[in-house]
Amino acid sequence: MIGDPAELVIRHARVLDPSAGIHAVTDVRVSSGRIAQIEDGLRGAREIDADGLHLFPGFVDVHAHWRTPGREDEESIESGSASAASGGFTTVVMMPNTDPVVDKPVVVSGLVRRIERESRVRAYVSAALHMGLEGERLTEMRLLREAGAFCVSDDGLGTQSAGVLRNAMLYARSSGLPVILHCEDHTLATGVVHEGACAALAGVPGTPASAEDAATATALVLAAETGARVHITHVSTDLSAALVGFFKGRADLTADTTPHHLTLTDDLISTLDGMYRVNPPLRPERDRSGVMGALRDRIIDFVATDHAPHASEEKELPLQEAAPGFLGHETAFSALYTELVLGGELPLPRLVEAMSCAPGRWVNGSGSLRVGAPADLALVDLSESWTVAKESLSSRSSNSPYLGRRLTGRVAATIVGGELVHDRVGARFGVRA
Ligand SMILES: [Zn+2]
């Protein structure tokens, strides 16, 4: 048939969107960048034979460090978005702890322009909550919003003064911006790993879980009082997850946790390898399973990767000297599918909800396969197993804690607004043009 040249039909995919109640082997027509039709027997000018592949709404990551501006040697918008696309992510929020910090409208508008030119996926700018992320003087949130900021955040450091945090929440609320909070009390966070048996055995100074829990409690009390739209990122302890549960319904509150806090534990630090330094630190199994239960029960709303590229000279060091942080985009789905879904802890529909539907709703109303929704899609081969290797990564950095691990489930193609932005399916099946 002669049709719209921009039209694409994905045939025989196992389509799964828990938010729309879709779970069927069927065909999807994409037209003018949107989902136009979902039913059997569709044909189109361009087709992807997705026989054996799952089709999910594209994944959404509200926490990524693309190191731009300032450390484009570690990641750029081009490489960060390629990394996101190869992990099935179609929407990403960039964190503001760059060099310079994203604390002025001119930095925000510059980033927005660069995203338009350089990003393969939809990317949003998070601006800083306070000038220089120094925790004192608030940023001009109204002007940041006008310049294109999507939200404000204190990620990387947190906000040490409750008074400053309260004023920041009030200002963010009146400016119409959501707040993403990194909860960490620096008077307690004096170590480099989780304080516990593993830290003691390894002889590495630990930070007590209270460094996160006390800051989370403060943030939640202030969120309830101010009515600000607050998102707590990288929840990593059992107690912080329980606190989030307590404040659901008392505050305008959402929360995420990371793939690494859901799949790795602090016994890895026994290697003393700087690779395993991350903030918040890897926790014992009790915290991992508590956070996992909170995600399953929707107390923690969704997953965000905290994709944090670092140059090898900052990571190939002893634990105490290494920079904290892991790559996240390219292994997120595979690690969670392998460990949690195949491990019997989390049903696949809940994982898709936690990676696509829930964060999509939070950011931009994406994360759905309803007819009329933007065609942001992830095609995934759940049967493929692969070994994570530096050469397989699109990021400019290679600090993945999963290097050398064999994972099951791999993103085959990613589509943003109807365009293929990552394509391993073409090589396997061929796009019929
Ligand atoms: Zn953080």
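The structure presented is a predicted model; accordingly, all values stated were derived computationally and were not measured. Every chain is numbered independently, its residues counted from 1 as its sequence is written. Local features in this predicted model are restricted to residues of pLDDT 70 or higher, and side-chain atom pairs are both shown and tallied only at a pLDDT of 80 or more, whereas totals for entire chains, interfaces and linings draw on every residue. Computation of side-chain values: all heavy atoms of the structure, hydrogens and water removed.

Asks: Could you give me a rundown of the overall build of the chain, with the residues and numbers involved?
Replies: Helical segments are the DSSP runs of H or I of at least four residues, strand segments are the runs of E of at least two, and each set is numbered from the N terminus. The helix and strand tally for the chain stands at 13 helices and 19 strands. Throughout, radius of gyration means the C-alpha value; the globule benchmark is 2.2 Å times the number of residues raised to the power 0.38. Over its C-alpha atoms the chain spans a radius of gyration of 21 Å, differing by no more than 12% from the 22 Å that the globule rule assigns to 433 residues. Considered along the principal axes of its C-alpha atoms, the chain spans approximately 65 × 50 × 40 Å. Within the chain, the proportion of its 433 residues that are buried is 61%. Throughout, a contact is declared for two residues whenever any of their heavy atoms are within 4.5 Å. Across the chain, the fraction of contacts at a sequence separation of at least 24, relative to all contacts at a separation of at least 6, is 74%. Roughly 15600 Å² of accessible area belongs to the chain as shown, and the carbon and sulfur atoms make up 50% of that amount. Note on classification: 1.4 Å probe, protein chains only; a residue is buried when its accessible area is under 20% of the maximum for its type, exposed when over 50%, partly exposed between these limits. Accessible areas in this description were obtained via Shrake-Rupley with a 1.4 Å probe; residue shielding takes into account the shown protein chains only.

Asks: Summarise the packing of aromatic side chains; cite the residues concerned and give the values.
Replies: Here a pair means two rings of Phe, Tyr or Trp (six-membered ring of Trp) with centres within 6.5 Å. Their orientation is stacked below 30 degrees between planes, edge-to-face above 60, and tilted elsewhere. Per the counting criterion, the structure on display carries nine aromatic pairs. A network of ring pairs unites the aromatic residues Phe-56, Phe-59, Phe-89, Phe-333 and Tyr-337 as a single cluster. Arg-250 extends its terminal NZ or CZ atom over the ring of Phe-246, reaching a point 3.9 Å from the ring centre. Whether a charge sits over a ring comes down to the Lys NZ or Arg CZ being within 6 Å of the ring centre and within 35 degrees of the ring normal.

Asks: Can you lay out helix H7 (residues 238-247) for me, pointing to particular residues and giving the numbers?
Replies: Restricting attention to buried positions, one finds in H7 the residues Ser-240, Ala-241, Leu-243, Val-244 and Phe-247. Summarising the axial view, the buried residues of H7 lie within an arc of 160°, below the 170-degree limit, and thus occupy one face. Contact partners of the buried residues in H7: helix H6 (210-226), strand E14 (252-257) and helix H9 (285-296). One or two positions beyond H7, positive phi appears at Gly-249, with a value near 90°. The arc in question is traced by the directions running from the helix axis to the C-beta atoms.

Asks: Describe the coordination of the zinc ion, naming the residues involved and giving the relevant values.
Replies: For Na, K and Ca the donor cut-off is 3.2 Å, while for other metals it is 2.8 Å, and in both cases only N, O and S atoms qualify; water is not among them, so sites may look incomplete. Looking at the zinc ion, one finds its protein donor set to be Asp-155 (OD), His-182 (ND1) and His-234 (NE2), positioned 2.0 to 2.3 Å from the metal centre. The motif formed by the donor residues of the zinc ion, counted along the single chain, is D-x26-H-x51-H. Taken together, the positions of His-182 in the loop between strand E10 (179-181) and strand E11 (193-194) and His-234 in the loop between strand E13 (229-232) and H7 put the pair 52 residues apart, joining distant regions of the chain. Here the two residues His-182 and His-234 agree in accessibility, since each one is buried.

Asks: Describe in detail the sheet that holds strand E8 (residues 122-128), supporting the description with residues and values.
Replies: Pairing in this open sheet of eight strands is parallel, and the strands run E6-E7-E8-E9-E10-E13-E14-E15 from one edge to the other. Edge positions in the sheet fall to strand E6 (59-64) and strand E15 (302-303), since each of these pairs with one other strand and no more. Paired strands are those between which DSSP finds at least two bridges. As defined by bridge partners, strand E7 (residues 89-94) adjoins E8 across four bridges and the pair is classed as parallel. Paired with Val-92 across the bridge in E8 is Ala-123.

Asks: Give a detailed account of the pattern of salt bridges, specifying residues and quantitative values.
Replies: Note on definitions: salt bridges are taken to be side-chain nitrogens of Lys or Arg within 4 Å of carboxyl oxygens of Asp or Glu. Inspection of every chain in the model, using the stated rule, returns 23 salt bridges. Between Lys-390 and Glu-316 there is a salt bridge, and its shortest N-O distance comes to 3.8 Å. On the criterion of sequence distance, the pair formed by Lys-390 in the loop between strand E16 (377-387) and strand E17 (406-416) and Glu-316 in the loop between helix H10 (312-315) and helix H11 (332-341) is long-range, its members being 74 residues apart. According to the relative accessible area criterion, Glu-316 is exposed, its value standing at 59%. Sharing partners across several salt bridges, the network here consists of Arg-67, Arg-71, Asp-73, Glu-74 and Glu-314.

Asks: Give a description of the environment of Pro-281 that names residues and reports values.
Replies: Among the structural elements, Pro-281 can be located in the loop between helix H8 (259-263) and H9. With 19 residues separating them in the primary sequence, Pro-281 and Leu-262 have C-alpha atoms 12 Å apart. When near neighbours in sequence (up to four residues on either side) are disregarded, Pro-281 contacts Val-193, His-194, Ser-236 and His-261.

Asks: Explain the nonpolar core to me, and be specific about the residues and the numbers.
Replies: As used here, the term nonpolar core means buried Ala, Val, Leu, Ile, Met, Phe, Trp, Tyr and Cys residues forming a set that is joined through side-chain atoms within 4.5 Å. The biggest cluster of nonpolar side chains holds 75 residues, and the ones touching the most others in it are Leu-181, Ile-232 and Phe-333. Here the element with the most residues in this core is H11; it accounts for six residues. Core analysis: the second largest hydrophobic core is formed by 20 residues, Ile-10, Val-15, Ile-48 and Leu-369 among them.

Asks: Run through the domain arrangement of the chain, naming residues and quoting values.
Replies: Where the parts come together, the accessible area they lose is often given as the size of the interface. Boundary definitions for the domains trace back to an automatic or database domain assignment. The domains assigned to the chain are domain 1 (7-55 + 375-431) and domain 2 (58-364). Taking only C-alpha atoms into account, the centre of domain 1 sits 26 Å from that of domain 2. Between domain 1 and domain 2, the contact holds 37 residues from the first and 52 residues from the second. The contact between domain 1 and domain 2 buries some 3300 Å² in all, and 60% of this surface belongs to carbon and sulfur atoms. For the interface between domain 1 and domain 2, the tally reads two salt bridges. The partner of Asp-376 in a salt bridge is Arg-122, and the shortest N-O contact between them spans 2.7 Å. Contacts described as polar in this section are N or O atom pairs within 3.5 Å, which, within protein, must combine one atom able to donate a hydrogen with one able to accept it, while residues neighboring in sequence count only if both atoms come from side chains. In this assembly, domain 1 and domain 2 are joined by 19 residue pairs in polar contact (both at pLDDT 80 or more). Elements that contribute at least two residues to the side of domain 1 that touches domain 2 include exactly strand E1 (8-17), E16, E17 and strand E18 (419-423). Among the elements that make up the side of domain 1 that touches domain 2, the one with the highest residue count is E17 (eight residues). Note on terms: buried area is the combined drop in 1.4 Å-probe accessible area of two parts once they are placed together, counting the loss on both.

Asks: Go over H11, please, and point to the residues and values.
Replies: Among the 10 residues of H11, nine are classified as buried, and the element is accordingly described as predominantly covered. For H11, the full list of buried residues reads Ala-332, Phe-333, Ser-334, Ala-335, Leu-336, Tyr-337, Thr-338, Leu-340 and Val-341.

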